[in-house]
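Listed below are the residues making up each chain.
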Amino acid sequence: MLDGVLFFPVTPFTAAGDVDLDKLAAHVAKGVDAGPGGVFIACGTGEFHALESGEFAAVVRTAVEAVAGRVPVYAGAGGSVAQAKVFAKAAESAGADGILLLPPYLVSMPQAGLVAYTKEVAAATTLPVIVYNRANARYTEASAVEVAQIANVVGFKDGTGDIDMVGRIVRAVTDALAESGKPFQFFNGLPTAEVSQQAYRAIGVTLYSSATFAFAPELALAFYEALESGNDTVAAALLREFFHPLVRLRDTVPGYAVSLIKAGVTMEGINAGPVRAPLVDAAPEDVAALAALLKSGRAVLADHLAAVR
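Residues numbered from 1 in each chain as written. Predicted model: local features only at pLDDT ≥ 70, side-chain atom pairs only at ≥ 80, totals over all residues. Heavy atoms only, no water.

Draft legend 1. Broad picture of the pairing of strand S6 (residues 153-158). Counted residue by residue, S6 has five buried out of six residues, so it is predominantly covered. One ladder, built from five bridges, connects strand S5 (residues 129-133) with S6; its direction is parallel. In the strand pairing of S6, Ile130 is matched with Gly155. Where the polypeptide runs from S5 across helix H5 (residues 141-148) and back to S6, its parallel neighbour, the crossover connection is right-handed. As paired elements, S6 and strand S7 (residues 185-188) share four bridges and run parallel to each other. Across the sheet, Phe156 pairs through a bridge with Phe186, a residue of S7. In this view, the connection linking S6 to its parallel neighbour S7 by way of helix H6 (residues 163-177) has right-handed handedness. (Buried < 20%, exposed > 50% of the residue type's maximum accessible area, 1.4 Å probe, protein only. Helix = DSSP H or I, 4+ residues; strand = E, 2+ residues; numbered from the N terminus. Pairing = 2+ DSSP bridges. Right-handed = clockwise from strand over helix to strand, strands pointing away.)

Here it is as structure tokens:
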């Protein structure tokens, strides 16, 4: 079972566009040293969509070696059912501890098709699987209950923000699994999840992914600890000075949920390189704005530490 802040690393590329495994190892090791509850490699923030299978396997293997058993490592799999199975098998061979199942590519589908997709990919690996509810892969209460009963499906991550539906799914799945006692976890997977986490906590979803952890782990951890301890003053200050402005900046350009994170990693000392098409790199003025936000967020932490001394 996972706990704490979940770390979603970027995938560094060289100036020529190749995967930079040395930079990746340094990035993952630095993040794990900061104390996350788990590492989710080659997922959305890690540009899963832009990796071919050989690159993916090398990225997962590098992350597993850098983590060295300190926390669980989950890897992304998704796209076509054939590709998702290849990636799930590659992640298992590379030593990953679990799979985050991303949506099928592009196509719309009925619930029976979504369930069939999930079952087929889950059957291709012995690893635990977390399903990702977002984009074109939106589960209903009934389909969520059905996939939760697949033996190696252990979690449900939401990226829709539909609190009404997710609340009903949490209740339905929890009730359906109560008699068996099967462990099962729910996650908030919205971009910059901190801004919506208070709402998710109210419906029983306490885990969330933090892209901020990739470049400013102290801010991500401080926010998590404020929520856990009920320190509304610190949580509100971090939302006001850092997370809400970050969302406003992120929303100015499609794909900035990845590009800004990569810029932040580079800004903090590990050159993560460019993003791959169809994403675009953050504009210089937006990187400068991100630096200003980091300064504001860290000022909140400094004020808090000074107040508790």
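Draft legend 2. Spatial organisation of the packing of aromatic side chains. According to the stated counting rule, one finds 12 aromatic pairs in the structure shown. Seen in terms of ring centroids, Phe48 and Phe87 are 5.3 Å apart; in terms of plane orientation they differ by 75°. Their pairing is edge-to-face. Pair noted here: Phe48 is in the loop between strand S2 (38-41) and helix H2 (53-67) and Phe87 is in helix H3 (residues 81-93), with a separation of 39 residues, a long-range link. As far as the burial class goes, Phe48 and Phe87 line up, both buried. The ring of Tyr132 is capped by Lys157, whose NZ or CZ atom sits 4.5 Å from the centre of that ring. (Phe/Tyr/Trp six-rings, centres within 6.5 Å; stacked < 30°, edge-to-face > 60°. Lys NZ or Arg CZ within 6 Å of the ring centre and 35° of its normal.)

Draft legend 3. Main features of a nonpolar patch on the surface. Nonpolar side chains collect at one region of the surface, where Tyr105, Leu106 and Val107 lie side by side and expose about 370 Å² of accessible area between them. When you line up the elements, Val107 lands in the loop between strand S4 (98-101) and helix H4 (111-123). (Patch = residues over 30% accessible without salt bridge, like charges linked within 9 Å, V, L, I, M, F, W, Y side chains within 5 Å. Areas by Shrake-Rupley, 256 points an atom, 1.4 Å probe, with all protein chains shown as cover. Salt bridge = Lys/Arg side-chain N within 4 Å of Asp/Glu carboxyl O.)

Draft legend 4. Layout of the UniProt feature "active site" (unreviewed entry) in the chain. Under the feature "active site" (unreviewed entry), the UniProt entry names Tyr132 and Lys157. In three dimensions, the annotated residues from a span of 26 residues occupy one location, with a maximal C-alpha spread of 4.8 Å. Checked against the lining of the largest cavity, the annotated residues just named reduce to Tyr132. The residue Tyr132 is located in strand S5 in this model. Residue classification places Tyr132 among the buried positions, given a relative accessible area of 5%. For Tyr132, the contacting residues outside a window of four places in its chain are Leu100, Leu101, Leu102, Pro103, Ala137, Tyr139, Lys157, Asp158, Gly159 and Gly189. The topology assignment puts Lys157 in strand S6. On the basis of relative accessible area, Lys157 is assigned to the buried category, the value being 4%. Ignoring any residue separated from it by four or fewer positions in sequence, one finds Lys157 in contact with Phe8, Leu100, Ile130, Val131, Tyr132, Asn133, Phe187, Gly189 and Ser209. (UniProt positions renumbered as here; feature names shortened; annotations may be inferred. 1 Å grid on protein atoms, 1.4 Å probe; cavity = no way out; pocket = protein on both sides within 12 Å on 5 of 7 lines; lining within 4 Å. Contact = heavy atoms within 4.5 Å.)

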